[in-house]
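# A look at the structure
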Amino acid sequence: AAIWFPTAERSLATPIGTLSGFIGIAYSFYFSPVIIDHQADEKHFAALLGSAFAAASVVFIASLFVVKDKPAKPPSVTARTETGMPSTVRECLKLFCGQLSNFSLMRLWFGFGLANGTVTALSTVLSSMLLPYNISEGQTGTIISVAILAGCIAAPVIALTLDKYRNYKTMLSLLYGFSTITIVGAALVITFDVKDLYAAAFVFIVVNQITLLPAIPVAMEFSVEKTYPDPEVVGSSLCLVHLCIFAVVGSVVFSTILGDTATKGDSIVCIWVCVGVMFTAFLLSLTVRSDRFRHDHERR
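My aim in this report is to walk through the structure given alongside it, one point at a time. The model shown is predicted, which means the values in this text are computed figures rather than measured ones.

This paragraph deals with the overall build of the protein. Within the protein, the regular secondary structure consists of 12 helices and zero strands. Along the protein, helices and strands appear, N-terminal first, in the series α-α-α-α-α-α-α-α-α-α-α-α. Looking at the 300 residues of the protein, the share that counts as buried comes to 44%. Here the analysis covers contacts within the protein between residues at least 6 apart in sequence; of these, 83% occur between residues at least 24 apart.

Laid out in structure tokens, this is it:
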């Protein structure tokens, strides 16, 4: 975003670029159960994988002929520093190691990975969690699809506030705080197996993603601010690395708890583990320093 957009538009450009891929994820959660059911054969799998290949091919070909490296004129003062991006693995590791002593930044990355990575992992096993409550895979796919799309819509709206006030820490803490509340609500309705659980789970999960998905671009922009004058790719990429690590770890943990045939007790354990992780991420966000090195440099 720093290469292509001026200062007043970066926080808006980041969620549009980052979360556009989540629209594809929402598509997969909704249509995969429709295409692949218990009676699916090779033709159904071929249709699913073929449609994914076709979409990826279109994007790949377009990127070769449409996307440029950078604009003809830098849109801001700090955009000029983005031309010195690391070109080798050694340079990337050197930049990363240079940030290891920044414990405030490490808390930001760790908390971001905990919150968003764990909930991402939970979404991959959500259908198994809800099956004991007689909620089908198709219904779970609908919940996750609507939740992701709602989060993608909320993110640009929140970004407009960031572009104006640059209150990264406050916004991130608020998002994690509200997300923790919604996860607690989901945990309670699952624990007590409330009447019309599908509708209750639908509401809490959708609201959770409205507060949690926007945290991805907020944390990425905050990380870039804290790692300046390092290239933007350093802070944003390492944020996503932590998300992926915790998503893999969370998937393994949740899959182990649920096993081959999940019970209601297993589902309750998984959701309350997620509650504890989200609350930890919220507390970590409160301890992060509100550094805005890039923004301070642009104001000089």
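Here the focus is helix α8 (residues 197-212). Its 16 residues give α8 an end-to-end C-alpha distance of 22 Å, which sits within 8% of 22 Å, the value for a rise of 1.5 Å per residue. For α8, the full list of buried residues reads L197, A200, A201, I205, V206, N208, Q209, T211 and L212.

Let us now look at the side chain of S223. One can find S223 in helix α9 (residues 215-227). You can call S223 buried: its relative accessible area is 0%. The contact partners of S223, leaving out residues within four places of it in the chain, are L105, L108, W109, G235, S236 and C239.

A few words now on the layout of surface pockets. Volume-wise, the largest pocket comes out at about 440 Å³. Along the walls of the largest pocket sit 26 residues, with V119, T120, S123, I144 and Q209 positioned nearest its centre. For the lining of the largest pocket, the elements supplying multiple residues, two or more each, are α1 (10-35), α4 (103-124), α6 (137-165), α7 (168-191) and α8. No other element matches α4, which puts six residues into the lining of the largest pocket. Residues belonging to the lining of the largest pocket are distributed by class as follows: 19 nonpolar, seven polar and no charged.

For the rest of this paragraph, the subject is unusual backbone geometry. If a residue is not glycine, its phi is most likely negative; likewise, a peptide bond is most likely trans. One non-glycine residue, N134, adopts positive backbone phi at about 65°. Within the element layout of this structure, N134 appears in the loop between α5 (126-130) and α6.

With 67 residues, the main nonpolar core has M129, L172, Y176 and I216 as its most contacted residues. Not counting residues up to four positions away in its chain, the partners in contact with M129 are L122, L258, S267, C270 and I271.

Two aromatic rings are characterised by how far apart their centres lie and by the angle between their planes. According to the stated counting rule, one finds four aromatic pairs in the structure shown. Note on Y168 and F222: the rings are 5.8 Å apart at their centroids and 10° apart in plane angle, and the pair reads as stacked. Here Y168, found in helix α7, pairs with F222, found in helix α9; they are 54 residues apart in sequence, far enough to count as distant. Its relative accessible area of 0% is what places Y168 among the buried residues. An angle of 55° between the planes, with centres 6.2 Å apart, marks the rings of Y198 and F202 as tilted. Separated by four residues within a single helix, Y198 and F202 lie in helix α8, roughly one turn from each other. You can call Y198 partly exposed: its relative accessible area is 25%.

Applying the stated rule across the entire model yields three salt bridges. In this structure, the salt-bridge partner of D291 is R289, at a minimum N-O distance of 3.4 Å. Three or more residues are tied together by salt bridges with common partners; here these are K226, R289 and D291.

Cut-offs used in this document
- Residues numbered from 1 in each chain as written.
- Predicted model: local features only at pLDDT ≥ 70, side-chain atom pairs only at ≥ 80, totals over all residues.
- Heavy atoms only, no water.
- Helix = DSSP H or I, 4+ residues; strand = E, 2+ residues; numbered from the N terminus.
- Buried < 20%, exposed > 50% of the residue type's maximum accessible area, 1.4 Å probe, protein only.
- Contact = heavy atoms within 4.5 Å.
- Expected span 1.5 Å × (residues − 1).
- 1 Å grid on protein atoms, 1.4 Å probe; cavity = no way out; pocket = protein on both sides within 12 Å on 5 of 7 lines; lining within 4 Å.
- Points joined across faces, edges and corners; volume = space filled by probe spheres on them.
- Nonpolar A, V, L, I, M, F, W, Y, C, P; charged D, E, K, R; others polar.
- Core = buried A, V, L, I, M, F, W, Y, C linked by side-chain atoms within 4.5 Å.
- Phe/Tyr/Trp six-rings, centres within 6.5 Å; stacked < 30°, edge-to-face > 60°.
- Salt bridge = Lys/Arg side-chain N within 4 Å of Asp/Glu carboxyl O.

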